[in-house]
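Single-letter residue listing:
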Amino acid sequence: MAVSDDLYQLISSLSMSEKRYLRIFSTRHVKGEKNIYLQLFDTIIALREPDDDAVKAALEDSDIRQKLNKHKHYLYNLILRSLNAYHADHSGEARFRETMRSVEILYQRGLFDQSRKVLRKARRMAEELQRIPELLAVSDWEQNLLSKSSQYGRMAELVERDEVLVDELRHEKQAKLLVFRMYDRLLQFGAAPDTQDLAELKRMMDDPVISLHTNQRFHVRYLISMANIVCANAMDDKDSFLHHCDETVRIFEENPVFITERPNLFVSALLNQCKANLQCDRLDEVSRVLDRIRAFQSASEVRMQKHTIANIVYETTHIDLLCSLKQSDLKKADRIIRESEADLERYLPTVTRSLALSLRFDAAYAYFLLGMTDRCLVWLNRLLNDQEYHIRMQLHAVARLFSMVVHLQLGNDSLVEYTARSIKLELRKWDFAKATASALVRFFSVYTQADEPAKQRRLTEALMSDLTQIRNEGTERDVYNLFDFSMWAESLLEQKPMVALIGKDKSVP
């Protein structure tokens, strides 16, 4: 990525308070009456889509234009220095590094007693952070200070204590190595691990190296707990998934310093807990945890990055929407979408793209069930037209199939036929939903041409038969968790809205 692109993205990521702090920081650290870096900064902020040509055209100062690359480079580093200073008091690790720097400065000046006092504070901070490298760094300085009074016996004791820490660190590295190998294998398994894959995964999970009982420090316990969550999800074990999600939240609650030190990870743990309760139909518990997330986000003492807040907005809205679908409360689903639409648009530039795509699909699905096909198509097109759709290729594939259903109900036969032909040409490249897509393409290619109701009925019956056989085959199961095409075919056959069939004997996916 070009340096200028890096600068523009960095500026775009800044919160309002970070921008204000940069202005203060810049006046203190940039010499001269004319602060050209603030001028450049303000110019970039004023542009909707900044690039080098637009910046040069907007700049009044010809000197800045002539040396734009040099000034951009300086501004980029100035912003990083400002962010370091701004967040120094809100990160335990940053405070630890600053304290250790003070230890070194006092030591170099020969103020050994003062250095020891500050070092004792650093040790308490390192113990609170539960980080072995930091504890070892403190021990090195303790030995340096002991050497000034020839206390070699105490120095030997510290080295012996360090050996215990080094052994613990080695064990932590082994646990991380196994967890990362587990993640790598999960990626290789794909969407539908077979019996042999699951047996291999079980062997890795049972390795004593990643037992929570043999790992006591927060960072490794959190990593192992997350690995258990991922594995339980891969095994489709809902009870185990919920247990490990609850366990991850407990790990934070037992180490409250990390709730504020790692707020994004804590929120992620709560969101996973929401999703697990949603899978287990514990909807009251979902609402309780959602309230906790929103209260935590608004807490004044918690400082979260813009992208974390964006993800919270999208995730909580999506979970609320899925709860309403689980309850078949479609009016509530409509209200949730409409009330959150402005915030969703506001946070779209910084949200994790896969979250935006998932929410758009389920919003479209909710409006389809409501019979509001125009609104359904608005949300579906937002997904299909997104330039980052490749992030969720499987979801995009199902959305294209879904779009044929919507356009058929709107009477847009030409669009149905065009989409069917387009998918047919691409099918050989698909590695997901291929059987379902083939059946639907065959159906849509001839259904719009069938003038007689009896012929349309025969075609729909044949489609239902095909989809009933397909829906439980391998990765095809995942298709019907997103949109139940066999139920839609049944609704078409019975000339009833799909929501009527869901209310009869089935739940919303």
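For the structure given in this document, a descriptive report is provided here.

Cut-offs applied
- Within any chain, residue numbers begin from 1 and follow the written order of that chain's sequence.
- For this predicted model, a pLDDT threshold of at least 70 governs which residues receive local features, and a threshold of 80 or more governs which side-chain atom pairs are given and counted, while totals over whole chains, interfaces and linings are taken from all residues.
- Derived side-chain values reflect all non-hydrogen atoms in the structure, with water molecules and hydrogen atoms excluded from consideration.
- Helical segments are the DSSP runs of H or I of at least four residues, strand segments are the runs of E of at least two, and each set is numbered from the N terminus.
- Note on classification: 1.4 Å probe, protein chains only; a residue is buried when its accessible area is under 20% of the maximum for its type, exposed when over 50%, partly exposed between these limits.
- Note on definitions: a residue-residue contact is assigned when non-hydrogen atoms from the two residues lie within 4.5 Å.
- In this description, accessible areas are obtained by the Shrake-Rupley approach with a 1.4 Å probe, and a residue is regarded as covered only by the protein chains that are shown.
- Only four residue types enter the tally: Lys and Arg on the positive side, Asp and Glu on the negative side; His and the chain ends are excluded.
- The atom standing in for a charge is NZ when the residue is Lys, CZ when it is Arg, CG when it is Asp and CD when it is Glu.
- For this document, the term salt bridge refers to a Lys or Arg side-chain nitrogen within 4 Å of an Asp or Glu carboxyl oxygen.
- Helices are assigned an expected span. That span is 1.5 Å times one less than the residue count.
- Here is the rule: rings of Phe, Tyr and Trp (six-membered ring for Trp) pair when centre to centre is within 6.5 Å. Planes less than 30 degrees apart are stacked, more than 60 are edge-to-face, and the remainder are tilted.
- Throughout this description, the term charge over a ring refers to an Arg CZ or Lys NZ atom that lies within 6 Å of the ring centre and within 35 degrees of the ring normal.
- The criterion is simple. A nonpolar core is a set of buried Ala, Val, Leu, Ile, Met, Phe, Trp, Tyr and Cys residues joined through side-chain atoms within 4.5 Å.
- Angles shown run from 0 to 180 degrees and are taken between the N-to-C directions of axes, each axis being a line fitted to C-alpha atoms and, for helices, limited to the stretch in contact.
- In what follows, roughly perpendicular refers to angles from 65 to 115 degrees, roughly parallel to angles under 35, roughly antiparallel to angles over 145, and oblique to any angle outside these ranges.
- Rotating anticlockwise by less than a right angle from the far helix to the near helix defines a left-handed crossing, while the corresponding clockwise rotation defines a right-handed one.
- Classes in brief: Ala, Val, Leu, Ile, Met, Phe, Trp, Tyr, Cys and Pro nonpolar; Asp, Glu, Lys and Arg charged; the others, Gly included, polar.
- Each patch is built from salt-bridge-free residues with over 30% relative accessible area, joining like charges within 9 Å and nonpolar side chains (Val, Leu, Ile, Met, Phe, Trp, Tyr) within 5 Å.

1. So, the overall build of the chain
Item 1. Helix and strand counts for the chain stand at 27 helices and zero strands.
Item 2. Over its C-alpha atoms, taken along the principal directions, the chain stretches across nearly 100 × 65 × 40 Å.
Item 3. Classification of the 509 residues of the chain by burial places 47% in the buried group.
Item 4. Once local pairs closer than 6 in sequence are excluded, the contacts in the chain between residues at least 24 apart make up 63%.
Item 5. Of the accessible surface of the chain, which amounts to about 26,700 Å², a share of 48% is contributed by carbon and sulfur atoms.
Item 6. Taken as two groups, the 72 positive and 75 negative side-chain charges of the chain have centres that lie 4 Å from each other.

2. Concerning the environment of Asp 386
Item 1. Along the chain, Asp 386 turns up in the loop between α20 (373-384) and α21 (393-410).
Item 2. For Asp 386, a relative accessible area of 6% translates into the label buried.
Item 3. C-alpha of Asp 386 to C-alpha of Ala 356: the two residues are 30 residues apart in sequence and 9.8 Å apart in space.
Item 4. If near-sequence neighbours (up to four positions away) are discounted, Asp 386 is found in contact with Arg 353, Leu 357 and Arg 360.

3. Notes on the side chain of Asn 272
Item 1. By secondary structure assignment, the location of Asn 272 is in helix α15 (residues 263-279).
Item 2. Since its relative accessible area comes to 13%, Asn 272 is described here as buried.
Item 3. Sequence-distant contacts of Asn 272, that is, excluding residues within four places in its chain, are made with Met 226, Ile 229, Phe 241 and Cys 245.

4. Describing the environment of Tyr 8
Item 1. The residue Tyr 8 is located in helix α1 (residues 3-13) in this model.
Item 2. C-alpha of Tyr 8 to C-alpha of Asp 51: the two residues are 43 residues apart in sequence and 7.9 Å apart in space.
Item 3. Dropping the residues within four chain positions of it, Tyr 8 is found in contact with Ile 44, Pro 50, Asp 51, Asp 52, Val 55 and Lys 72.

5. Details of the pattern of salt bridges
Item 1. Tallied over the entire structure, the rule returns 31 salt bridges.
Item 2. Residue Arg 250 pairs with Glu 247 through a salt bridge whose shortest N-O separation is 2.9 Å. With Arg 250 and Glu 247 both in helix α13 (residues 238-254), this residue pair falls three residues apart, about one helical turn.
Item 3. Put simply, Arg 375 and Glu 341 hold a salt bridge, and the shortest N to O gap is 3.4 Å. Note that Arg 375 is positioned in helix α20 and Glu 341 in helix α18 (residues 330-347), a separation of 34 residues in sequence.
Item 4. Beyond isolated ion pairs, a larger network of salt bridges with shared partners links Arg 123, Glu 127, Glu 142 and Arg 161.

6. Some remarks on helix α10 (residues 152-189)
Item 1. If you check α10, its first and last C-alpha atoms are 55 Å apart, about what 38 residues at 1.5 Å a residue would give, namely 56 Å.
Item 2. Listed as buried for α10 are Met 155, Leu 158, Asp 162, Leu 165, Glu 172, Ala 175, Leu 178, Val 179, Met 182, Leu 186 and Phe 189.
Item 3. Where the residues of α10 are buried, they touch α9 (132-147), α11 (195-205) and α12 (218-234).

7. Concerning the packing of aromatic side chains
For any two aromatic rings, the description comes down to two numbers: the centre-to-centre distance and the angle of the planes.
Item 1. According to the stated counting rule, one finds 22 aromatic pairs in the structure shown.
Item 2. Aromatic pair Phe 266 and Phe 296: ring centres 5.1 Å apart, planes at 75°, arrangement edge-to-face. With Phe 266 in helix α15 and Phe 296 in helix α16 (residues 283-298), this residue pair connects regions lying 30 residues apart in the sequence.
Item 3. For Phe 266, a relative accessible area of 2% puts it in the buried group.
Item 4. Judged by its relative accessible area of 11%, Phe 296 is buried.
Item 5. Among the aromatic residues, ring-to-ring pairing joins Phe 361, Tyr 365, Phe 368, Phe 402, Tyr 480, Phe 483 and Phe 485 into one connected group.
Item 6. When the ring centre of Trp 379 is taken as reference, the NZ or CZ atom of Arg 382 above it lies at 4.4 Å.

8. Some words on the nonpolar core
Item 1. Grouped together as the largest cluster of nonpolar side chains are 68 residues, with contacts concentrated most on Tyr 314, Phe 368, Phe 402, Phe 444, Phe 483, Phe 485 and Trp 488.
Item 2. A per-element tally of this core places helix α19 (residues 353-370) first, with 12 residues.
Item 3. With residues near it in sequence (within four places) discarded, Phe 485 still touches Val 398, Leu 401, Phe 402, Val 405, Thr 436, Leu 440, Leu 467, Val 479 and Tyr 480.
Item 4. Counting 33 residues, the second-largest nonpolar core is a separate cluster that includes Val 267, Ala 276, Val 289 and Ala 299.

9. Topic: the packing of α18 against α19
Item 1. Two elements in contact, α18 and α19, have axes whose closest approach is 10 Å; the angle formed by their N-to-C orientations is 140°. With respect to each other, α18 and α19 are oriented oblique. The crossing of α18 and α19 is left-handed. Mapping the contact onto sequence places Leu 330, Lys 331, Ala 333, Asp 334, Ile 337, Arg 338 and Leu 344 in α18 and Leu 359, Ala 363, Ala 366, Tyr 367, Leu 369 and Leu 370 in α19.
Item 2. Each residue belonging to the contact of α18 with α19 can be placed in one class, and the counts come to 10 nonpolar, no polar and three charged.

10. Brief notes about a negative patch on the surface
Item 1. On the surface, Asp 5, Glu 49, Asp 51 and Asp 53 cluster together into a negatively charged patch.
Item 2. With respect to the secondary-structure elements, Glu 49 resides in the loop between α3 (36-46) and α4 (52-58).

11. Some details on a positive patch on the surface
Item 1. A contiguous patch of positive charge, built from Lys 117, Arg 120, Lys 121 and Arg 124, is present on the exposed surface.
Item 2. Counting through the fold element by element, Arg 120 comes out in helix α8 (residues 112-129).

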